[in-house]
Amino acid sequence: MDHPFTKHPNRTLLALSFPVLISMTAEPLTALVDTAFVASLGSIPLAALGVGTTALSSLFWIFNFLNIGAQTEVAQAYGRGEEERASGIASLSLAMALGFAALLILLIIPNANWIASLMGASGDVQAKAVSYMQIRAYGAPAVLLMAVSFGVLRGLQDMRSPLWIALGLNALNVLLDWLLVFGKFGFPEMGVEGSALASTISQWLGAIAGVLLITNKLGLSRNFTLTQAKKLLSVGGDLFIRTGLLNFFLAFSTRAATRIGADAGAAHQAIRQVFLFTSLALDAYASTVQSLVGYFIGKDALGWAKKVVIVGAKWALGTGFAFGALMWFGRGLVMDMLVPPTAFSVFIPAWAVSVLSQPINAIAFLTDGAHWGTGDYKFLRNAMLAATLIGIIGVQLINPSAPNALLLLWLVATVWASTRAIFGWLRIRPGIGNSPFKEKRAS
């Protein structure tokens, strides 16, 4: 084996994960700053931001199968030494990203009012959420192109290039947020709409950088076939359902929080932003494990693929506990920055549950990455279906007028994550069902 993981497993996993960690946390960190800016405007703008970001994230992430599928296919092709095939997969994925993004624009702009209403928003909250979504819709191609670019680069074991792009575009996003939300240095004071415009501009610049890097490393090719497109769409079908279910539950829970009241909606948005920050940080291990498992599967080295999962799980679990401790002791800072004073009483209990769920989330994300690396997409779809059904039933049983309604909502979210973690780990050890991690016995 010529991969450095075979000689230095822990060192290699950390060396690959650290750039992914920084690049993945850059976006939610920017979102935290964005939330803090908007929180200073009051509960209504903050709740509108929560509705808009949740709805758009749900729609954008449905197409995350392009990123995941490209990363796995490129990693496996790279493991087999098939650079031409990797170039074709990258080009096909970018072309499909543009096509799906055009459909998103046509969906979001005329239906933004209906989407905001579906999320439980009304009155001023709904109006501001609609403006936010309509501006952000024009960044849909950039979002999908950048996601595919990052997946392709990580499939090539290049974790640093996405890091530099992420740092640059998010630094620009923060600067534009400050200028456009508050109207500094002659820029118009746009409030929530300024936040949307800042994100759209910076994402387009990041997408352009990602496509240029792929062109330099692999070159873009027209030599992809209809068969390859059908395969990626077939893979995408399972991931589309899986990611759609994931985001449906997140949107469904945000809708439930919004219906509890403006304070609960604002508190939920603050918790959700920190939760997203820690989740994407934990997902850095998952992305690294995905690339390494895909590489070793391409090399037909199942033993090393299993070793990747074990090493990754130890680091992810430890990081989950560390995040939980930091969140609990840093709750005062979060409240000062992100939570309106009227929402303090509903924030604290729900925040405590989110803190306790961090190690569970670590295993849920880690096992997702392992199964992405093997291409076990149908299993991921079915596990998410079971978790989401449990979650939806739990949310429906909550009385919105109950004083502890937001606390119960986050307890349900923890059960949802636990279901995914349990199924994900059992698929690896002992290897339930037709698991790719199960050794094939000779007949």
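Residues numbered from 1 in each chain as written. Predicted model: local features only at pLDDT ≥ 70, side-chain atom pairs only at ≥ 80, totals over all residues. Heavy atoms only, no water.

A. Representation of helix H7 (residues 160-182). The terminal C-alpha atoms of H7 lie 33 Å apart, and with 23 residues this matches the ideal 33 Å at 1.5 Å per residue to within 8%. Just downstream of H7, Gly183 is the residue with a positive phi angle, here 75°. (Helix = DSSP H or I, 4+ residues; strand = E, 2+ residues; numbered from the N terminus. Expected span 1.5 Å × (residues − 1).)

B. Seen up close, the packing of helix H10 (residues 262-298) against helix H11 (residues 302-329). Two numbers describe how H10 lies on H11: the axes approach to 9 Å, and their chain directions differ by 170°. With respect to H11, the element H10 is oriented roughly antiparallel. Residue-level inspection shows Val274, Thr278, Ala281, Leu282, Tyr285, Val289, Leu292, Val293, Phe296 and Ile297 of H10 in contact with H11, the latter providing Leu302, Trp304, Ala305, Val308, Val309, Gly312, Trp315, Ala316, Thr319, Gly320, Phe323 and Met327. (Axes fitted to C-alpha atoms, helices over the stretch in contact; angles between N-to-C directions. Parallel < 35°, antiparallel > 145°, perpendicular 65-115°, else oblique. Contact = heavy atoms within 4.5 Å.)

C. Quick peek at the nonpolar core. Counting 70 residues, the largest nonpolar core has Leu66, Leu104, Ile108, Met133 and Val152 as the members making the most contacts within it. No other element matches the 14 residues that helix H4 (residues 83-118) contributes to this core. Ignoring anything within four residues of it in the chain, the contact list for Ile108 reads Leu56, Leu59, Phe60, Ile115, Met133 and Ala137. (Core = buried A, V, L, I, M, F, W, Y, C linked by side-chain atoms within 4.5 Å. Buried < 20%, exposed > 50% of the residue type's maximum accessible area, 1.4 Å probe, protein only.)

D. The side chain of Ser435, seen in detail. Mapped onto the secondary structure, Ser435 falls in the segment after helix H16 (405-428). The exposure class of Ser435 is buried, given its relative accessible area of 1%.

E. Representation of the packing of aromatic side chains within the structure. Under the criterion given, the structure shown has 14 aromatic pairs. Geometrically, the ring pair formed by Phe5 and Trp304 is edge-to-face, given 6.2 Å between the ring centres and 85° between the ring planes. Taken together, the positions of Phe5 in the segment before helix H1 (9-39) and Trp304 in helix H11 put the pair 299 residues apart, joining distant regions of the chain. A centroid spacing of 5.6 Å and a plane angle of 25° characterise the contact between Phe248 and Phe252, whose relative ring orientation is stacked. On the criterion of helical spacing, the pair formed by Phe248 and Phe252 is a turn pair, its members being four residues apart in helix H9 (residues 226-260). Through a chain of ring-to-ring contacts, the aromatic side chains of Phe5, Tyr78, Tyr295, Phe296 and Trp304 assemble into a single cluster. In this arrangement the basic side chain of Arg420 is found over the ring face of Trp416, its NZ or CZ atom lying 4.9 Å from the centre. (Phe/Tyr/Trp six-rings, centres within 6.5 Å; stacked < 30°, edge-to-face > 60°. Lys NZ or Arg CZ within 6 Å of the ring centre and 35° of its normal.)

F. Structural context of the packing of helix H5 (residues 123-136) against helix H8 (residues 192-217). Here H5 crosses H8 at 15°, and the two axes come no closer than 8 Å. In terms of orientation, H5 and H8 fall into the roughly parallel class. With respect to the hand of their crossing, H5 and H8 are arranged in right-handed fashion. Seen from H5, the contacting residues are Lys128, Ser131, Tyr132, Ile135 and Arg136; seen from H8, they are Val192, Glu193, Ser195, Ala196, Leu197, Ser199, Thr200 and Gln203. Of the residues contributing to the contact of H5 with H8, the split by class is five nonpolar, five polar and three charged. (Left-handed = near helix turned anticlockwise from the far one by under 90°. Nonpolar A, V, L, I, M, F, W, Y, C, P; charged D, E, K, R; others polar.)

Coordinates in, geometry out; function isn't part of it.
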